[in-house]
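The chain contents come next:
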Amino acid sequence: MKRILLSIAMLTATIGFSQTVVQDTTANKNQQVNAAQNILNGTTSKGITIGGYAQVDYNQPEGANGTLDVHRLVMLLGYKFSDKVQFVTEIEYEHVKEVYIEQAFLNYSLNDKVNIRGGLMLVPMGIVNEYHEPTVFNGVERPNMDKSIVPTTWREIGVGVTGKFDDASLRYQAYIFNGFTSLNGDKTLGGSNGLRNGRQKGAESTVNTPNLSAKVDYYGIPGLRLGASGYFGRTQAADDIQEIDGADVGINMFGLDARYIKKRFSARGQYIHALISDADDYNTLNEANLGSELKGWYVESAYNLLPLSKEQKLDAFVRYEQYDTHAATKDAAITRNLAFNRQEWTAGLSYHIANGAVVKADYQILDNAAAGNEATGQLNVGFGVWF
């Protein structure tokens, strides 16, 4: 009972705050631009650019203690050497005690149509992996299917080209990256986390076979952005076991996404499907439970409850997501775990009190297909900033 009362009090406080704070600001960051693009699009002729984003959360699950967390604090640093050459990096602190480099790449711009990039970069898959700043997505936490299937925030070291053709309303990206590692210490691929344990994050990454990643975005219809992405390759195996069956697996991942904004209404949706080859040998060698298919999708809609203006907005939203890291297991020679077939509802408020500052509250109903499972609820409250 105490936990329920605390949850209601936190939610009430957040809603009350959202009704009383007034500032002379614009509604929100453009949802089609991320932090790195902001730096690259900067107007300074030369010199350093500083920015950042942060997220502080309160999560209260049913029947358990709540948690308070400085989830992430990211410092953005960019340096413009000339009109053609720029360096971009993100230094991230997670949960106060963990430090990561989220991006660190050099960009050489031939023109708007062709930019050459190299370094630690985000893999262009889905929406949130690239557009993950807390002010550009609804919900205190990122969609869970993005954590397990994509998996956000997924970045690796590579080289590639990116650009846009405004006449055709197309933006493209194509990279060669190192792939997931087959074994991350004592952690294997599979289970509820899907491919998440395989992210190398640019930390002394091993590579023995290159992987291809590409995405095309279409923005020719006002307010609408459509994306199609693909990732193809194999996981990276250690030198001494590369010839052993099951040392690595093949990954073919496909994604479709859409975002739409018109006046007070906004919506987005995403579908991701990963096909895993040689999962049977991998599971046998490593006593793992990696499925031969992982797939998921979500749809979300939101409506601004405040009058249209350049100052603030209050989005009421609802999202449904379904994702399964054991979507197929027959070819993986393991028994399917129905608990990994998850369905989730998230509904709440995102109050943009300033351009780059948001206060959020939502409630989630978390369920899965396992026999005898009962859905659980979780209240989330937090704030995010991006500057």
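Rules used in this analysis
Residues numbered from 1 in each chain as written. Predicted model: local features only at pLDDT ≥ 70, side-chain atom pairs only at ≥ 80, totals over all residues. Heavy atoms only, no water. Helix = DSSP H or I, 4+ residues; strand = E, 2+ residues; numbered from the N terminus. Rg over C-alpha atoms; globule rule 2.2 N^0.38 Å. Buried < 20%, exposed > 50% of the residue type's maximum accessible area, 1.4 Å probe, protein only. Areas by Shrake-Rupley, 256 points an atom, 1.4 Å probe, with all protein chains shown as cover. Lys, Arg positive; Asp, Glu negative; His and termini not counted. Charge placed at Lys NZ, Arg CZ, Asp CG, Glu CD. 1 Å grid on protein atoms, 1.4 Å probe; cavity = no way out; pocket = protein on both sides within 12 Å on 5 of 7 lines; lining within 4 Å. Points joined across faces, edges and corners; volume = space filled by probe spheres on them. Nonpolar A, V, L, I, M, F, W, Y, C, P; charged D, E, K, R; others polar.

Enquirer: Break down the overall build of the protein chain for me, citing the residues and quoting the values.
Expert: Secondary structure assignment for the protein chain yields four helices and 18 strands. For the protein chain, the C-alpha radius of gyration of 21 Å lies close to 21 Å, the compact-globule estimate for 387 residues. Overall size of the protein chain, expressed as C-alpha extent along the three principal axes, is 65 × 60 × 40 Å. When each of the 387 residues of the protein chain is scored for burial, the buried share is 52%. Per element, the accessible surface of the protein chain, about 17,400 Å² overall, is 59% carbon and sulfur. Across the protein chain, the 35 positively charged side chains and the 42 negatively charged ones have centroids separated by 8 Å.

Enquirer: Now, about the layout of surface pockets: what can you tell me, with residues and values included?
Expert: Approximately 580 Å³ is the volume attributed to the largest pocket. For the largest pocket, the lining is made up of 22 residues, of which Gln37, Asn41, Arg117, Lys164 and Arg171 are closest to its centre. Taken together, the elements giving at least two residues each to the lining of the largest pocket come down to α2 (35–40), β4 (98–111), β5 (114–122) and β6 (155–165). For the lining of the largest pocket, the class distribution of residues is three nonpolar, eleven polar and eight charged. By volume, the second largest pocket amounts to about 400 Å³. Counting residues per element, the ones that place at least two in the lining of the second largest pocket are β2 (67–80), β3 (85–94) and β4. At three residues, β4 tops the list of elements feeding residues into the lining of the second largest pocket.

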